[in-house]
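Residue-level structural notes
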Amino acid sequence: VIFGQLTGTFQNYFNGTTSPAAFSSDLAHFTLYFVYLAIGEFITIYVATAGFIYTGEHISQKIREEYLAAILRQNIGFFDKLGAGEITTRITADTNLIQDGISEKIGLTLTAVATFITAFVIAFIKYWKLTLILSSTVIAIVVTMGGLSPFIVKWNKKSLEAYALGGTVAEEVVSSIRNATAFNTQDKLAKQYDAHLTEAEKWGFKMKGILAVMIGLLFCFIYLNYGLSFWQGSRYLVAGEMTLSEVITIMMAIMIGAFSLGNVAPNMQAFTTGVAAAGKIFSTIDRASPLDPASATGIKLDHVEGTVELRNIKHIYPSRPEVVVMEDVSLLVPAGKTTALVGASGS
C-alpha cells in the first residue's frame, strides 16, 4: 500500500500536478512510513521467531529426557526387536524432526496465512477486476510448490535414510575395529559404507534438481505476473478505471500473497513429518514395561540373602518367537558363587 502510494506521488510530480515542495514533503512522509514498518516488522518477526525456536527447543529437550527415561524403564525383551542404532536415531534425528515441526515453522505458517488473506483483501479493495486476473499467478505458484514439494521431502528423506544406514555401518565397524582388522575386512566394509553414501548422493542430486526446477518456475511466474499486471493494468489505466498506484499496489499484494501461501506447503510437510516422528517416540514413552525398575509398587523384602532360584522357566526371544531357547529350566544360584549359562554354540 505504501509503495503504491509512493508511486502515485512520483506520477503526480512528473505530470506536474504536484509542486516540488509538496513532492519532497510526501517523499519524506512515505520514507518515514517505510522506516516505521521496518522497525515494527523486525520486532514482531524477531519475537515470533525467537519465541517459537526457544519453545520448540525446550519441548524437544523434554521429549528427549522422557524418551531416555522410558527406554531405561523397559524390559530386556523390548530391545530385542530394536536395531543397533535405532535408539540414538530416535533421540537425535526424530526429536530434531519434532523440533523442526513445532519451532519457527509455526510462526512462519501463521505469518504466511495472515499475509495472504491481508494481501487479497487489499487487492480486492483497490480494484477487483485486475485482482481476479492476477489470481492466476497464485494458482500457478501454489500448484507448482504443492506439486513439487512432496518430491523434495520424499527424496530428502531417502537421502537421510541412506546416510543413517551408512552411519550404522560406521558405528558397528568402529565399535568392533579389532575384529575388522583381524579378519582384514576393512576394504569390504569401506565399500559397504561407500554404497550407502552413493545411494544418499543419488537421492540428494534428485532433490537438488527438482528444487532448482521449482525455483526456476517460481521466478518465471514472477516475471510473467509483472508483464500481465502492467499490460492489463495499462489498459484499465488508459480507460480511466484505476490509477498507477492501484496497479502497483495490486501487483505487489498478489505477488507477496502468492509467495506467502506457497511457503505454507513445505511447512505442512514439516508438520506431518514431525507428527509421524512423534508417534514413534511417544509410543515408547507411553509403553508400560512389565518389569519397571522405577515403579514403587510391589512387595519390598525385609531380608535378602542373595540366592537366586529359577523354577520351570521357559524363554523365547521376541525377535524369534518360533524358537524356544529354554524349556522348563530350573536353576539354583547360591549367593557368592559364579554360575554360567552356556548354550550349544558356546555362548
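Bear in mind that the values here come from a model prediction, so they are computed numbers and not experimental data. (Residues numbered from 1 in each chain as written. Predicted model: local features only at pLDDT ≥ 70, side-chain atom pairs only at ≥ 80, totals over all residues. Heavy atoms only, no water.)

**Details of the packing of helix H8 (residues 186-238) against helix H9 (residues 244-262)**
Relative to each other, H8 and H9 sit at 155°, their axes nearing to 10 Å. Considered as vectors, H8 and H9 are oriented roughly antiparallel to each other. For the pair H8 and H9, the crossing hand works out as right-handed. Touching Leu-218, Ile-222, Asn-225, Tyr-226, Ser-229, Phe-230, Gly-233 and Leu-237 of H8 are Leu-244, Val-247, Ile-248, Met-251, Ile-254, Met-255 and Phe-259, all from H9. In terms of residue class, the contact of H8 with H9 is made up of twelve nonpolar, three polar and no charged. (Axes fitted to C-alpha atoms, helices over the stretch in contact; angles between N-to-C directions. Helix = DSSP H or I, 4+ residues; strand = E, 2+ residues; numbered from the N terminus. Parallel < 35°, antiparallel > 145°, perpendicular 65-115°, else oblique. Left-handed = near helix turned anticlockwise from the far one by under 90°. Contact = heavy atoms within 4.5 Å. Nonpolar A, V, L, I, M, F, W, Y, C, P; charged D, E, K, R; others polar.)

**As for the layout of surface pockets**
In this model, the largest pocket occupies a volume close to 1,200 Å³. The wall of the largest pocket is formed by 40 residues, among which Leu-97, Lys-157, Leu-160, Glu-161 and Thr-273 lie closest to the centre. If you list the elements that add at least two residues to the lining of the largest pocket, you get helix H4 (86-102), helix H6 (128-175), H8 and helix H10 (264-285). It is H6 that contributes the most residues to the lining of the largest pocket, 14 residues altogether. Of the residues contributing to the lining of the largest pocket, the split by class is 17 nonpolar, 14 polar and nine charged. Quantified by volume, the second largest pocket comes out at close to 740 Å³. Around the second largest pocket, the lining is made up of 23 residues, and of these Leu-37, Glu-41, Thr-115, Ala-119 and Ile-256 lie nearest the centre. Elements with a minimum of two residues in the lining of the second largest pocket: helix H1 (2-14), helix H2 (20-73), helix H5 (104-126) and H9. (1 Å grid on protein atoms, 1.4 Å probe; cavity = no way out; pocket = protein on both sides within 12 Å on 5 of 7 lines; lining within 4 Å. Points joined across faces, edges and corners; volume = space filled by probe spheres on them.)

**A look at the UniProt feature "transmembrane region" (unreviewed entry) in the protein**
Mapped onto this numbering, the UniProt entry gives "transmembrane region" (unreviewed entry) at residues 33-54, 106-125, 131-153, 210-231 and 243-261. In this annotation, residues 131-153 is assigned 100% helix and 0% strand; the end-to-end C-alpha distance for the span is 32 Å. (UniProt positions renumbered as here; feature names shortened; annotations may be inferred.)

**Topic: empty space enclosed by the protein**
Counted by the stated rule, this structure contains one cavity of 30 Å³ or more. Along its surface, the largest cavity is lined by Ile-45, Ala-48, Thr-49, Phe-52, Glu-104, Gly-107, Leu-108 and Thr-111. Mapped by element, the contributors of at least two residues to the lining of the largest cavity are H2 and H5. When its residues are assigned to classes, the lining of the largest cavity shows four nonpolar, three polar and one charged.

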